[in-house]
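Listed below are the residues making up each chain.
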Amino acid sequence: MRIAIIGTGFIAREMIEAIQAYGEEFEVVTVYNRTLEKAEQFAKDYQIAHVSRSYEEALTQAIDGVYLAVHSNDHYSMTKQAIQAGKHVLCEKPAVLNQREFDELANLARTEQVIWMDAMRFIHLPLWKEIKHSIHNEEIGEIVYVEGSLGRISQRLYRHTRELAGGVLYDLAIYPLYAIIDLLGKPVVIQSQGVLLESGVDHTVSIQLQYRHALAHVMASCVSQTQTHLRIQGTKATIFVPKEFTTSPFFEILYPDGTKVQREVECLGSGMIYELRSFASGETQQNLSKDVYEILTLSRTQLGIHYPSELV
Ligand SMILES: NC(=O)c1ccc[n+]([C@@H]2O[C@H](COP(=O)([O-])OP(=O)(O)OC[C@H]3O[C@@H](n4cnc5c(N)ncnc54)[C@H](OP(=O)(O)O)[C@@H]3O)[C@@H](O)[C@H]2O)c1
């Protein structure tokens, strides 16, 4: 697959490094950044032959798709532009800012017959597939409670403004929410509480999800370092993913008698290559994403946050 990389910041560097280490089937044809010098530096650092001077120029190159790694406020409009140009789109999370944007882009992608998905690395990892496999094999019994927590002190300013669609819900809480909804589906009841910065975006959130036979809870903060983990409690045992659960190389199964089994799971580098392969093969998990963005939209309404760039 021939792709263009759009945006050359932190996550774009992780992606190109994953491609160069493990992605022989991918060719990066061009790179574009709104700051030309940064695109030129990126091209030099990673030996990319072509630098585009505009997004339009990138979209007219001989590419099959784009990897969109710009800030969240531009995801919807730049995805729409790429789909209208007939290109597949792998977009960084959050792929959209609300359900309306999701539905519109999903319809457009269907009409144009292109693949569109968000780069939710975690759900494409072998670790997550192995966890789901263990649950499917009834190793932990019926799930009764899931808890996901993520907390980092983030200095990155784009995460703290409404203009750049910042806030911890879309930056960090989205990961455990994806995991919970992948396991349990849409909740019957959701209750979100948040503490907002003066800028009007959330810095700490607590989200309770109630299911007919289970409960779930998400805690995320971008102003405090917390012990990041994912805990899936079943009637027979508990799956526990310690530390950075989004990139952990292992998980544990904890039994009621106090014994513990650790399962190592192979992961290539940062794990970015798996989402890219899913993208190329069209494994978009679109139904899951639709539910996640619907829940995120509801949660954000409960938090009382609005983004100037979002489609209303
Ligand atoms: N999946 C993950 O694990 C993960 C991790 C981190 C971030 N993300 C997501 O990835 C996105 C980028 O995050 P980041 O940490 O990489 O940010 P970053 O380091 O600030 O990089 C963003 C890049 O996009 C460029 N850019 C912004 N708007 C643009 C536009 N309209 N046209 C062209 N280029 C534009 C910026 O250019 P300038 O340098 O000129 O400003 C910068 O190069 C965010 O949406 C974030 O939520 C995902």
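That block above? That's the structure.
Below or above, wherever it landed, is the structure these notes cover.

### Brief notes about the overall build of the protein
Step number 1: On a plain count of helices and strands, the protein comes out with ten helices and 14 strands.
Step number 2: At 19 Å, the protein has a C-alpha radius of gyration in line with the 20 Å of a compact globule built from 312 residues.
Step number 3: With the C-alpha coordinates of the protein rotated into their principal frame, the extents come out at 60 × 40 × 40 Å.
Step number 4: In the protein, 68% of the contacts between residues at least 6 apart in sequence involve partners at least 24 apart.
Step number 5: Here the protein displays about 13,700 Å² of accessible surface, and carbon together with sulfur accounts for 49% of that area.
Step number 6: A gap of 2 Å separates the mean positions of the 28 positive and 38 negative side-chain charges of the protein.

### Here's the deal with the pairing of strand β8 (residues 189-196)
Step number 1: Of the pairings in the sheet, the one linking β8 to strand β9 (residues 202-210) comprises eight bridges and is antiparallel in character. In the strand pairing of β9, V189 is matched with Q210.
Step number 2: Between β8 and β9, which pair antiparallel in sequence order, lie five residues; one of them, G200, sits at a positive phi of approximately 100°.

### Let's talk about the sheet that holds strand β11 (residues 229-234)
Step number 1: As summarised here, the arrangement of the eight strands in space is β8-β9-β10-β7-β11-β12-β13-β14, forming an open sheet in which the pairing is mixed. Strand pairing shows two members of the sheet lacking a second neighbour, β8 and β14 (260-264), which therefore form its edges. Strand-to-strand twist across the sheet, computed as the mean angle between neighbouring axes with direction ignored, equals 10°.
Step number 2: Two strands pair when backbone bridges link them, and strand β13 (residues 250-254) and β14 are joined in this way by five bridges, in the antiparallel orientation. Paired with E252 across the two strands is Q262, which belongs to β14.
Step number 3: Relative to β8, helix α10 (residues 286-303) is tilted by about 50°, and along the sheet it contacts β8 and β9.

### Some thoughts on the environment of V114
Step number 1: The topology assignment puts V114 in the loop between α5 (99-112) and β6 (116-118).
Step number 2: Counting along the chain gives 47 residues from V114 to T161, while the straight-line C-alpha distance between them is 32 Å.
Step number 3: V114 has contacts with I83, G86, K87, H88 and A109, leaving out every residue within four places of it along the chain.

### Re the site of the ligand
Step number 1: N33, R34, T35, K38 and Y158 are the nearest of the 25 residues found near the ligand.
Step number 2: T8 places a polar main-chain atom, nitrogen or oxygen, 3.2 Å from an oxygen atom of the ligand.
Step number 3: Interatomic distance of 2.4 Å between a side-chain N/O atom of T35 and an oxygen atom of the ligand.
Step number 4: Within the complex, 89% of the 920 Å² of free accessible area of the ligand lies under protein.
Step number 5: Under a 2 Å grid-point criterion requiring more than half of the atoms, the pocket assigned to the ligand is the largest pocket.
Step number 6: Classifying every residue of the shell around the ligand by side-chain character gives nine nonpolar, eight polar and eight charged.
Step number 7: Of the domains in this structure, domain 1 (2-119) and domain 2 (123-303) are the two that each give at least three residues to the shell around the ligand.

### Examining the side chain of N98
Step number 1: Tracing the backbone through its elements, the reader meets N98 in the loop between β5 (88-91) and α5.
Step number 2: Only 2.9 Å separates the side chain of N98 from the backbone nitrogen of E101, close enough to count as a polar contact.
Step number 3: With near-sequence residues (within four places) excluded, N98 lies in contact with Y170, T297, R300, E310 and L311.

### Some words on unusual backbone geometry
Peptide bonds are, in most cases, trans, and in most cases residues other than glycine have a negative phi.
Step number 1: Residues K93 and P94 are joined by a peptide bond in cis, for which omega reads -10°.
Step number 2: When you line up the elements, P94 lands in the loop between β5 and α5.
Step number 3: Of note, the phi angle at E138 is positive, near 60°, even though the residue is not glycine.
Step number 4: Note that E138 resides in the loop between α7 (126-136) and β7 (143-151).
Step number 5: Judged by relative accessible area, which is 53%, E138 ranks as exposed.
Step number 6: At A165, a residue that is not glycine, the phi angle is positive and equals roughly 55°.
Step number 7: Of note, A165 is situated in the loop between β7 and α8 (168-184).

Quick notes on the rules
Residues numbered from 1 in each chain as written. Predicted model: local features only at pLDDT ≥ 70, side-chain atom pairs only at ≥ 80, totals over all residues. Heavy atoms only, no water. Helix = DSSP H or I, 4+ residues; strand = E, 2+ residues; numbered from the N terminus. Rg over C-alpha atoms; globule rule 2.2 N^0.38 Å. Contact = heavy atoms within 4.5 Å. Areas by Shrake-Rupley, 256 points an atom, 1.4 Å probe, with all protein chains shown as cover. Lys, Arg positive; Asp, Glu negative; His and termini not counted. Charge placed at Lys NZ, Arg CZ, Asp CG, Glu CD. Pairing = 2+ DSSP bridges. Axes fitted to C-alpha atoms, helices over the stretch in contact; angles between N-to-C directions. Near = heavy atom within 4 Å. Polar contact = N/O pair within 3.5 Å; in protein donor to acceptor, adjacent residues only side chain to side chain. 1 Å grid on protein atoms, 1.4 Å probe; cavity = no way out; pocket = protein on both sides within 12 Å on 5 of 7 lines; lining within 4 Å. Sits in = over half its atoms within 2 Å of the grid points. Nonpolar A, V, L, I, M, F, W, Y, C, P; charged D, E, K, R; others polar. Domains from an automatic or database assignment. Buried < 20%, exposed > 50% of the residue type's maximum accessible area, 1.4 Å probe, protein only.

Without other data, these values stay purely geometric and don't point to any function.
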